[in-house]
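Descriptive analysis of the structure
Spelled out from the first residue to the last, the chains are:
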Amino acid sequence: QSALTQPASVSGSPGQSITISCTGSSSDVGSYNFVSWYQQHPGKAPKLLIYEVTRRPSGVSDRFSGSKSGNTASLTISGIQAEDEADYHCCSYAGYSTVVFGGGTKLTVL
Amino acid sequence: DVQLVESGGGLVQPGGSLRLSCAVSGFTVSNNYMAWVRQAPGKGLEWVSVIYSGGNTYYAASVKDRFTITSDDSKNTLYLQMDSLRAEDTAVYYCARWATMIYFDYWGQGNLVTVSS
């Protein structure tokens, strides 16, 4: 299966909101509400931010939110802070017990 | 506290083999879906393999017939046997719990595998 498509980088100033898109196909994002998002700081393991498109695990700030329309999922970070500078990865169930990730997006806080 | 501690990575020549281990504490491996995910240098995450609580296994096309995922109930440990390694298998390998087949909620610290002559 092909990787999901994310922008390579996004940037914003502290306090601004940014949105990261994640485009798949009718075989993955478009067929299942099993999209998740992960935050990864350099040299660290990924951390779950969002699951089932919109749900947040306990302990994750409500500044992080997710949505989906058709074959595209999105992660929005409101009021970005310096600590949000990291890589963000989307993920979708793709059927037949397989999973597909996006290429990752680097968020720079200006 | 949940912990996933990986070991077994390193440098191996093309065509060689390596076995990664992921020792789990805080939950029972055999009662969960467990997975391996890798990340090539400077690249995104790539799903590699999953093992179900019932023992069924699934693999990405890029590693099928070369990699084998297993678990040992007595040691509460997940394994990834990697054979016929190629340069493109060079990556940091993470073990993770695939919660209800929907998301990865617990991750190991990552283990670097380098395939080079």
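Here we summarise the structure given alongside this text.

The rules behind these values
Residues numbered from 1 in each chain as written. Chains lettered and ligands numbered in written order. Predicted model: local features only at pLDDT ≥ 70, side-chain atom pairs only at ≥ 80, totals over all residues. Heavy atoms only, no water. Helix = DSSP H or I, 4+ residues; strand = E, 2+ residues; numbered from the N terminus. Rg over C-alpha atoms; globule rule 2.2 N^0.38 Å. Buried < 20%, exposed > 50% of the residue type's maximum accessible area, 1.4 Å probe, protein only. Contact = heavy atoms within 4.5 Å. Buried area = accessible area lost by both parts, 1.4 Å probe. Salt bridge = Lys/Arg side-chain N within 4 Å of Asp/Glu carboxyl O. Polar contact = N/O pair within 3.5 Å; in protein donor to acceptor, adjacent residues only side chain to side chain. Nonpolar A, V, L, I, M, F, W, Y, C, P; charged D, E, K, R; others polar. Core = buried A, V, L, I, M, F, W, Y, C linked by side-chain atoms within 4.5 Å. Pairing = 2+ DSSP bridges. Axes fitted to C-alpha atoms, helices over the stretch in contact; angles between N-to-C directions. Phe/Tyr/Trp six-rings, centres within 6.5 Å; stacked < 30°, edge-to-face > 60°. Lys NZ or Arg CZ within 6 Å of the ring centre and 35° of its normal.

Let's shift gears to the overall build of chain B. Secondary structure summary: chain B contains 0 helices and 11 strands in total. Helices and strands appear in chain B in the N-to-C order β-β-β-β-β-β-β-β-β-β-β. Since a compact globule built from 117 residues should have a radius of gyration of about 13 Å, the 13 Å found for chain B is in line with a globular shape. Seen through its C-alpha atoms, chain B measures out along the principal axes to roughly 40 × 25 × 25 Å. By the burial criterion, 50% of the 117 residues in chain B qualify as buried.

What follows is about the interface of chain A and chain B. Taken together, the contact between chain A and chain B spans 21 residues of the former and 19 residues of the latter. Between chain A and chain B, a total of about 1600 Å² is buried, with carbon and sulfur atoms accounting for 67% of that surface. Linking chain A to chain B there are 0 salt bridges. Here chain A and chain B share 5 residue pairs in polar contact (both at pLDDT 80 or more) between them. Residues that form the side of chain A that touches chain B fall into these classes: 11 nonpolar, 8 polar and 2 charged.

Time to look at the nonpolar core. Membership of the largest hydrophobic core comes to 48 residues, with the highest contact counts inside it found for F101(A), W36(B), L80(B), M82(B), Y93(B), F104(B) and W107(B). Examining the composition of this core, we find that 7 residues originate from one element, strand 9 (residues 91-99) of chain B, more than from any other. Among the nonpolar cores identified, the runner-up in size contains 24 residues, and I20(A), V53(A), V60(A) and C90(A) belong to it.

Within a sheet, neighbouring strands are paired by backbone hydrogen bonds and run either parallel or antiparallel to one another. Residues and elements named next belong to chain B. Judged by pairing direction, the sheet is antiparallel, and its 4 strands sit side by side in the order 1-3-8-7 without closing on themselves. The sheet terminates laterally at strand 1 (3-7) and strand 7 (67-72), the two strands that pair on one side only. Along the sheet, successive strands turn relative to each other by an average axial angle of 15°, direction set aside. Bridge analysis of strand 1 against strand 3 (residues 18-25) gives 5 bridges, and the strand direction is antiparallel. Directly across from S7, in strand 3, lies its bridge partner S21.

Along the chain, the position of D83(B) falls in the loop between strand 8 (77-82) and strand 9. Setting aside anything within four residues of it in sequence, one finds D83(B) in contact with G16(B), S17(B), R66(B) and F67(B).

If you walk through the whole model with that rule in mind, you get 16 aromatic pairs over all chains. Ring geometry for Y32(A) and F34(A): centres 6.3 Å apart, planes at 15°, overall stacked. Residue class for Y32(A) comes out partly exposed when judged on its relative accessible area of 26%. A residue is classified by how much of its surface remains accessible, and F34(A), at 28% relative accessible area, is partly exposed. Grouped by ring-pair contacts, the aromatic residues Y32(A), F34(A), Y38(A), Y93(A), F101(A), Y33(B), Y52(B), Y58(B), Y94(B), W98(B), F104(B) and W107(B) constitute a single cluster. Sitting above the plane of the F27(B) ring, R97(B) keeps its charged end 4.8 Å from the centroid.

Let us look at the side chain of S36(A). On the secondary structure map, S36(A) appears in strand 3 (residues 35-40). Using a relative accessible area of 0% as the deciding quantity, one classes S36(A) as buried. A distance of 3.0 Å separates a polar atom in the side chain of S36(A) from a polar atom in the side chain of Y38(A). Contact partners of S36(A), with chain neighbours within four places excluded, come to L48(A), I50(A), Y51(A), H89(A), C90(A), C91(A), I102(B) and Y103(B).

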